[in-house]
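Structure assessment
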Amino acid sequence: MKRSCDYTLGQTTFLVTLRTLIGWHFLYEGLAKLANPDWSSAAYLLDSKGVMSGFFHSLTYKPSLLHTVDFLNKWGLVLIGLGLILGLFTRISVFSGIVLLALYYLSHPPFPGLVFSVPAEGSYMIVNKTLIELSALLVLYVFPTRIGLDALLAPLFKKKSQR
Amino acid sequence: MEEKDQKNPAGEGQENKETGKEKETLSGKQMKRRDILKSLATVPVLGVFAWGYYKKRRYDQIIKKVIRDEVGMEYAPPVMSSTPVSGKQLRLGIVGFGIRGPQLMEAAGFLHPAKVDKLREAAEKNPRDKRYQEFMKQEDLNIVFNGVCDVFDIHAQEAMETAANVKRQGTDAKLPDNVKRYRTYQEMMAADDIDAVIIAAPDHWHAPITIEAARHGKHVYCEKPMTWTLPEAYAVRREVKKAGIAFQLGHQGRETESYIKAKEAVEKNLLGKINLIEVTTNRNDPNGAWVYPIHPKASPKNIDWKQFIGQAPWHDFDLKRFFRWRCWWDYSTGLSGDLFTHEFDAINQILEMGIPQYASGSGGIYYFQDGRTVYDVQQEIFEYPDRDMTLLYSATLASSKNRGKVLMGHDGYMELGSTLNVYADRRSDRYKKLIENGDIKPDVPIYSYVPGRKNPDAITTATEQYFAGRGLLYTYRGGKRVNTTHLHIKNWLEAIRKKTQPSCNIDRGFEEAITNLMGVIAMREGKRVEWDYDKEQIVDLKPIPEKLQETNLKPIEYLG
C-alpha cells in the first residue's frame, strides 16, 4: 500500500507516460480499423504460423465467428486504449491489453523458420515489439499508479459495497 | 502483493475519507482537490489525440478525394447479370468427358456420386474446405443432361452416372437410369431430346462437332480454342450464323469482375495511350505441361481409336497420345491454343482490339523433351499498327515465376489478375502535377479493385496490398466464392432462353481462332503473318496451308 506513495515524482511520471503512450497506440489501432469499413482480420488470421496457427485459422471458418472476432478486436483496442490513457478501469484494461498482445504475438511469433506475408519493418528474432509492449504492460500491472479516473470512481464503489 | 498494490490507488483515497471525517477541513478539501486534479492528469492527452486523429483523417480524405476526382472510377463492384434462372428446362448433351468435361458438368450442377462423397468427406475432415458446401449451394440452372458421348468406355460410363446425379447425391442414393450414351456425336446431334450441347472433346474435334450441332439447330458451348485449323474458323462462323444458334466459347474470364473493372479503367483513360501489353503463362509441373495420368484400364478394347484420330494424321494406337493429346500439333495448337487464347480473350474483352494485323513468334522444346512436338517455351508478338500497340505473349512450362498480365500506357500501367491495380507512371503527363505535389505516389496504386470487397479505395495500406496480391484478402468474408465457369454456362443458357448473344459469342470466337492460328503459323513457319481486314484472310497464305497439310491437316468435308 505504501509503495505507490513511495514512488518518486520521476517514477510516477514515467509510469503514467508509459501507460498513456501504450493507450494511445491501442486507441489509434482501434480507430483506424473502425474507420475502414472493409477492415477484416481474416487475412491476418489466415497468415498465422507456428504452433497456434490452427486455432487462429479456425477463427475465419465461419463468417459469424469472424465478425465477432473483428468486433471484439476493434472495440477491445479502443476501450483498452481509452482505459489506459484515462486510467479508467486500469487494472482490467492492462490485463486485457496483455491478453490481446499475447494473441497477436502467438499468431505471428517471430521464430526462426517462420515467414509471414507482411515483412517486419525491423529485424526480429523471438523478441519483437509486440512482446516488448506486452512486457511494458506487465510492468504497469505490478507498478500501478494512482493517477487516473479510477481514483475518482473508487469512493463510489467503496460506498456501495459498504452498504 | 501485486494484488494489494493494485487496490492502492483507490484504497488510499478511501482511507483519507474514512479516517479523517473530523479533519474535513480546508486542508482535507485541498487534498481532495489535489486528488481530483491528479486523477484527471491524463485527460488532456485525449484532446491531443483527437486533434491528431482529426488532422490525419482529413489528410487521408483529401488525398483520396484528389485521386477520386482525377481517376473518376466507380468504386462499387461492376453490375453483373445475375438474373434468376427462368424459362423452360433445357435438355443438354455433353461430348468429351476427360478432364474439362467433368469440370464443366460440375459448374453446371452435376457431379459424379463418388466425387460428391469425396467432397463431403473432405469437408468433414477440414472445415476450411468449402468445396462441398459451395457445390451444394451452387444455383440450379434448370437443365438436364439426356445424352453423353465419349470414345473411351470408362469415361462414358462416368459421364452417364454424373448426368444422372440430378439431386447432387452421394453413392448411397440410387440413380435414375435415363441418360443415353451415344457412340458418335453425329447420333447425338440427331437426337430429338437434346436442345444444346457442351463440347469438351480434344481441340481437333471442336469444329467438326460444332458444325454438326449447328446444322441440327443445337446450341453450343464449346471449349477453347474455337478451332484447330484456319479453314475451320470460317466454316464454324458460317454454320453458327446460318443456324442462328446461341454459341458460347469457353472463355469463362468474361465473367471475371476485375476484367470488367479493367475495361472501365481503360475507357476512363487511366493509362493514357496503351502501347504494350504483356500476357504470360508460367507453369512448372508435369500436369501443367499436359503430362496427364494415363487411365490404368485404358486399352484398344475400350477406346474407339479411329474416331479419336478423326481428321488428324493417322497414328497407331498410343495411350500417351490419347490422354496427353495437347503435346502434339496433330491434335492441338499447344500453349497458344490452350492458354494464350484465354489471355487474348481477356485483353480482347477489355480493349476490343480484335484480330492483329501482324503475328510473329518462335518457340522450342527445352524442358519436356518427352517426344512432344508442341513447344514448352514460346513467344508470340501480335501487332496492331492502327492502334499503335503490340500484344506480347511469353510462355514457359518450366518456371512458375509469376509474371501476370500488364497493360502499359504513357500515363500509367495496370496489373491484372483476380485483383486489379492501376499505378501512375512516374513520367506521366496526366498525373505530373499530382505526383509533384505528392498526392499520387507512383508505387502506390491510384486505383485498386479487390473482388468481394465493398468499397475498394484508392489508398490501401501496404499490409492490404500484400494480402491482396496473395489472394488472401476477403476469401471467406461474406461467404461466397463464385465459380466463373458456372457463370459462363449460365450466361449461355440465358442467351438460349432469351434469344440474346452470349458473352463470348461467335464473332469473339472468330477473332480468337484467327489470332491463335496466325500466331501458330508464324511460329511454325518462322515468318511474319499478315491479316487482310477487308478480305478477311491471311495475306499470301497459299504456301502455308499446303505445307501444314503435309504435317497435320486433312481437308474436311464442310470446308467451302
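The structure presented is a predicted model; accordingly, all values stated were derived computationally and were not measured.

The next thing to look at is the overall build of chain B. Counting secondary structure elements, chain B contains 19 helices and 16 strands. The 560 residues of chain B split such that 52% are buried. Sequence separation of 24 or more characterises 73% of the internal contacts of chain B that already satisfy a separation of 6 or more.

Residues and elements named next belong to chain B. Read from one edge of the open sheet, 10 strands run 14-13-12-11-7-10-9-8-15-16, paired in mixed fashion. Two strands lie at the open edges of the sheet, namely strand 14 (447–449) and strand 16 (537–538), each paired on one side alone. The pairing of strand 15 (residues 529–532) with strand 16 spans two bridges and is classified as antiparallel. When the sheet's bridge partners are listed, Trp531 is paired in strand 16 with Ile538. Strand contacts of helix 11 (residues 257–267): strand 7 (274–282), strand 11 (405–409), strand 12 (412–416), strand 13 (420–424) and strand 14, with the helix running at about 170 degrees to strand 12, the strand carrying the most contacts.

A word on helix 5 (residues 63–86) of chain A. For an α-helix, the turn length of 3.6 residues means that residues three or four places apart are oriented alike. Over its 24 residues, helix 5 of chain A extends 34 Å from the first C-alpha to the last, a length consistent with the 34 Å expected when each residue adds 1.5 Å. Just past helix 5 of chain A, the residue Gly87(A) takes up positive phi, approximately 70 degrees.

What follows deals with the packing of aromatic side chains. Residues and elements named next belong to chain B. Across all of its chains, the model carries 23 aromatic pairs over all chains by this definition. Note on Trp305 and Phe317: the rings are 5.1 Å apart at their centroids and 65 degrees apart in plane angle, and the pair reads as edge-to-face. With Trp305 in helix 12 (residues 305–309) and Phe317 in the loop between helix 12 and helix 13 (319–323), this residue pair connects regions lying 12 residues apart in the sequence. The ring of Phe510 is capped by Arg237, whose NZ or CZ atom sits 3.7 Å from the centre of that ring. In this structure, Lys261 is placed above the aromatic ring of Tyr449, and the distance from its NZ or CZ to the ring centre is 5.7 Å.

In this section: the pairing of strand 9 (residues 377–384) of chain B. All names here are of chain B. One ladder, built from seven bridges, connects strand 8 (residues 358–364) with strand 9; its direction is antiparallel. Bridge pairing in strand 9 places Ser360 opposite Ile381. As defined by bridge partners, strand 9 adjoins strand 10 (residues 389–396) across eight bridges and the pair is classed as antiparallel. If you follow Ile381 over to strand 10, its bridge partner there is Leu392. Hairpin connection between strand 9 and strand 10: a loop of four residues separates the two successive antiparallel strands, and Asp388 in this loop has a positive phi of roughly 50 degrees.

Take the nonpolar core next. All names here are of chain B. One finds Ile277, Leu351, Leu391, Leu407 and Met414 to be the most contacted residues of the largest nonpolar core, which totals 108 residues. Residue contributions to this core peak at 10 residues, all from helix 18 (residues 506–525). Not counting the four nearest positions on each side in its chain, Ile277 is found in contact with Ile347, Leu351, Met389, Thr390, Leu391, Leu392, Val406 and Leu407.

To continue, consider the confidence of the model for chain B. A low pLDDT means the predicted coordinates there should not be read in detail. All names here are of chain B. Considering every residue of chain B, the mean pLDDT works out to 86; 84% of them sit at 70 or more. A low-confidence stretch, residues 455–459 (pLDDT under 50), is modelled with 19 contacts involving residues beyond four sequence positions or located in other chains. Every residue in residues 473–479 scores below 50 in pLDDT, and together they form 23 contacts with partners more than four places removed in sequence or on other chains.

The rules behind these values
- Each chain carries its own residue numbering, running from 1 in the direction its sequence is written.
- To label them, take the chains in the order written and letter them from A, then take the ligands in the order written and number them from 1.
- At least 70 in pLDDT is required for a residue's local features to be given in this predicted model, at least 80 for side-chain atom pairs to be given and counted, and no such filter applies to totals for whole chains, interfaces and linings, which use all residues.
- No hydrogens and no water enter the side-chain calculation; it runs on all heavy atoms of the structure.
- Helix and strand assignments follow DSSP, with helices taken as H or I runs no shorter than four residues and strands as E runs no shorter than two, numbered in order from the N terminus.
- Relative accessibility under 20% of the residue-type maximum defines a buried residue, over 50% an exposed one, and the middle range a partly exposed one, all with a 1.4 Å probe and only protein chains included.
- Residue contacts are counted whenever heavy atoms from the two residues lie within 4.5 Å of one another.
- DSSP bridges decide pairing: two strands pair if at least two such bridges lie between them.
- Axes here mean lines fitted to C-alpha atoms, for a helix over just the part in contact, with angles spanning 0 to 180 degrees between N-to-C directions.
- Residue count minus one, scaled by 1.5 Å, sets the expected span of a helix.
- Stacked, tilted and edge-to-face are the three classes applied to pairs of Phe, Tyr and Trp rings, where Trp contributes its six-membered ring and a pair requires centres within 6.5 Å; stacked means planes under 30 degrees apart, edge-to-face means over 60, and tilted covers the rest.
- Distance and angle both matter: a charge sits over a ring if NZ of Lys or CZ of Arg is within 6 Å of the ring centre and within 35 degrees of the ring normal.
- Buried residues of nine kinds, namely Ala, Val, Leu, Ile, Met, Phe, Trp, Tyr and Cys, make up a nonpolar core once their side-chain atoms join them within 4.5 Å.
- pLDDT expresses, on a scale from 0 to 100, how confident the predictor is about each individual residue.

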